[in-house]
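So you can see what is in the structure, the chains are spelled out below.
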Amino acid sequence: MAGAAEVTLFWQEGIQRSSLFDGKKVRSRFVDELIWEEEKQRKALLVSGQPPLTVTPCPVRPMPRERRGLLQTPPLRQRMKTVLEAGLSPTRLDTYLTCPLRFAFAYLCRLHPLEEVNEGDDPAAVGQLIHQVLQETYAPYLDRTVHVGDISPDQLGARFVAALEASPLRHQLPPDSYFMLELAGSLRLRRYLERQPETMHIVALERCLRAHVDRRERTYVLRGTLDRIDRRKGALHVLDYKTGGIVRPKATIWEDTDFWQRMELWTPRSATCNGAELLAETAEHLPSVQLPCYLLLCSQAKLGPVRDAAWVHLRENGEEIFLLGEDMEEMLRDAVLSIRIPALLGFIIQHMETTEEFSPRAGQHCGWCPYTTLCLQ
Ligand code: SF4
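The structure reproduced in this document is the subject of the present report. (Residues numbered from 1 in each chain as written. Predicted model: local features only at pLDDT ≥ 70, side-chain atom pairs only at ≥ 80, totals over all residues.)

By nearness alone, 13 residues border the ligand, and Cys99, Pro360, Cys366, Cys369 and Cys375 come closest of all. For the shell around the ligand, the class distribution of residues is 8 nonpolar, 2 polar and 3 charged. (Near = placed C-beta within 6 Å. Nonpolar A, V, L, I, M, F, W, Y, C, P; charged D, E, K, R; others polar.)

See below:
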């Protein structure tokens, strides 16, 4: 420096921490001394931002990231063929509806989510346990009529506590979660029992069914396991035990004639109706096709006239939330069961089979998607 004609010194100021430059975040005493000498000479304090103390701006921005889709290449098309031949489950259809890219990662690329040690609650295992308890409770009543009072709340609560004690959850859950679950689980099952109808005939429990979906000279296979089928007032009602959240469809969706017409008329080469847009609209209005799938599976099983399907909201008060509801006009109900549901499922499957690209559909669901780092590039 002593021999230089001009010297520029750089230092960082006003920075608390930086992983990039873990050096000093204040100027050195050497620089302070130089400044002090200069100030003495000028008889004035030097101000940051004015020569000779200039500021070098260094804006740092994150690298821009965007979600990218996956083209349906010949290997993916081949894998899709295998997936379709094996039969689609409601879960797979829901995954596609929620995000086609997630479906491709999970079922075509077969990328398994990272396995991690679960140190908190385990909602999936709790759900399985409740399913098991209800299945065992109703098993003796299969093909029989259950009257209110046949199953006592105490009996159901005690069965849950015994099943919980025997399950691996006893060792997996943190103690506070375990005791909370013991209390909350039996309480919710009691509440569920209070909301069950006076009489119902148990037609099937944990029944695996297959059905076909016809669409434009193609036939697709659908398969699924129904938690319970009841006969109530002479008609079949499918019940799905839900221990997680429920996203209800738009209230007027079944009456929206224009929407259903577009669904029925859509073809992969349709010039007037964009398949990706229609899929997104469907996902917005009808976020899950699980109950429509169950209705179709049940209809084709020829167990009797089918009327409705419901989620049993076990996470809350055991209320039965019906897909179509008692107030629906009979003509509309018939149209939904025989035309609209097959059209809905046929559209989704045909879109999946013929799409050129599995596009990302970002939303709240990305928060619990295991592929979020893959689609953000
Ligand atoms: S993070 Fe979101 S957009 Fe990306 S694959 Fe998952 S669900 Fe789709």
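After that view, the rundown keeps rolling.
A word on the pairing of strand S3 (residues 199-215). Relative to S3, strand S2 (residues 145-147) runs antiparallel, the two being bridged by 3 bridges. Opposite Val146, over in S3, you have Met200 as the bridge partner. For S3 and strand S4 (residues 218-232), the ladder comprises 13 bridges, and the chain directions are antiparallel. Each bridged residue has a counterpart across the sheet, and for Cys208 the counterpart in S4 is Thr225. The antiparallel hairpin formed by S3 and S4 contains 2 residues in its connecting segment, where Arg216 sits at a positive phi of about 45 degrees. (Pairing = 2+ DSSP bridges. Helix = DSSP H or I, 4+ residues; strand = E, 2+ residues; numbered from the N terminus.)

Let us now look at the nonpolar core. In this structure, Leu295, Leu345 and Ile348 are the most contacted members of the largest nonpolar core, which totals 70 residues. The dominant element in this core, judged by the number of residues it contributes, is helix H12 (residues 330-354), at 10 residues. The contacts of Leu295, once residues within four sequence positions are left out, are Val238, Val306, Ala309, Leu337 and Ile341. (Core = buried A, V, L, I, M, F, W, Y, C linked by C-beta atoms within 7 Å. Buried ≥ 20, exposed ≤ 12 C-beta atoms within 10 Å, placed from the backbone. Contact = placed C-beta atoms within 7 Å.)

Here the focus is the environment of Ser152. Summarising the element assignment, Ser152 is placed in the loop between S2 and helix H6 (153-166). According to the C-beta neighbour criterion, Ser152 is exposed, with 11 such atoms within 10 Å. Note: C-alpha distance between Ser152 and Leu193 (41 residues apart in sequence) is 8.2 Å.

Here we come to the sheet that holds S2. The 6 strands are arranged S2-S3-S4-S5-S6-S7 in an open sheet whose pairing can be described as mixed. Of all the strands in the sheet, just S2 and strand S7 (319-322) have a single pairing partner and so form its edges. When strand polarity is set aside, the average angle formed by the axes of neighbouring strands in this sheet is 40 degrees. Sitting on the sheet, helix H5 (residues 123-138) is in contact with S3, S4 and strand S5 (235-242), with an inclination near 120 degrees to S3. (Axes fitted to C-alpha atoms, helices over the stretch in contact; angles between N-to-C directions.)

Let us look at the packing of helix H9 (residues 257-265) against H12. Interhelical geometry of H9 versus H12 gives an angle of 55 degrees and a closest axis separation of 9 Å. It follows that H9 is oblique to H12 by the angle criterion. Here H9 and H12 pass one another in a crossing that is left-handed. Contact with H9, carried on its side by Trp260, Met263 and Glu264, involves Arg340, Ala343, Leu344 and Phe347 of H12 and no other residues of that element. When its residues are assigned to classes, the contact of H9 with H12 shows 5 nonpolar, no polar and 2 charged. (Parallel < 35°, antiparallel > 145°, perpendicular 65-115°, else oblique. Left-handed = near helix turned anticlockwise from the far one by under 90°.)

Before going further, it helps to examine unusual backbone geometry. As a rule of thumb, non-glycine residues mostly have phi less than zero, and peptide bonds are mostly trans rather than cis. Here the bond from Pro51 into Pro52 is cis, since omega is 5 degrees, no more than 30 degrees from zero. Relative to the helices and strands, Pro52 resides in the loop between helix H1 (29-42) and strand S1 (70-71). Not every positive phi belongs to a glycine, and Lys43 is a case in point at roughly 60 degrees. As for its placement among the helices and strands, Lys43 is situated in the loop between H1 and S1. Within the chain, Glu206 stands out as a residue other than glycine whose phi angle is a positive 45 degrees. Note that Glu206 resides in strand S3. For Glu206, a count of 14 C-beta atoms within 10 Å gives the class partly exposed.

The next subject is the packing of helix H2 (residues 74-86) against helix H4 (residues 100-108). Any two packed helices are characterised by how steeply their axes cross, that is the angle between the axes, and by the distance between the axes. The N-to-C vectors of H2 and H4 enclose an angle of 80 degrees; their axes lie 11 Å apart at closest approach. By the angle between their axes, H2 is roughly perpendicular relative to H4. Contact residues: Leu76, Arg79, Met80 and Val83 in H2; Ala104, Tyr107 and Leu108 in H4. Tallied by class, the residues present in the contact of H2 with H4 amount to 6 nonpolar, no polar and 1 charged.

This next bit is on the environment of His201. The residue His201 is located in strand S3 in this model. Taking C-alpha positions, His201 is 5.6 Å from Arg144, a pair spaced 57 residues apart along the chain. The residues touching His201, leaving out its near neighbours within four places in the chain, are Thr145, Asp230 and Arg231.

What follows is about the environment of Met180. Mapped onto the fold, Met180 is located in helix H8 (residues 175-194). The exposure class of Met180 is partly exposed, given the 13 C-beta atoms found within 10 Å.

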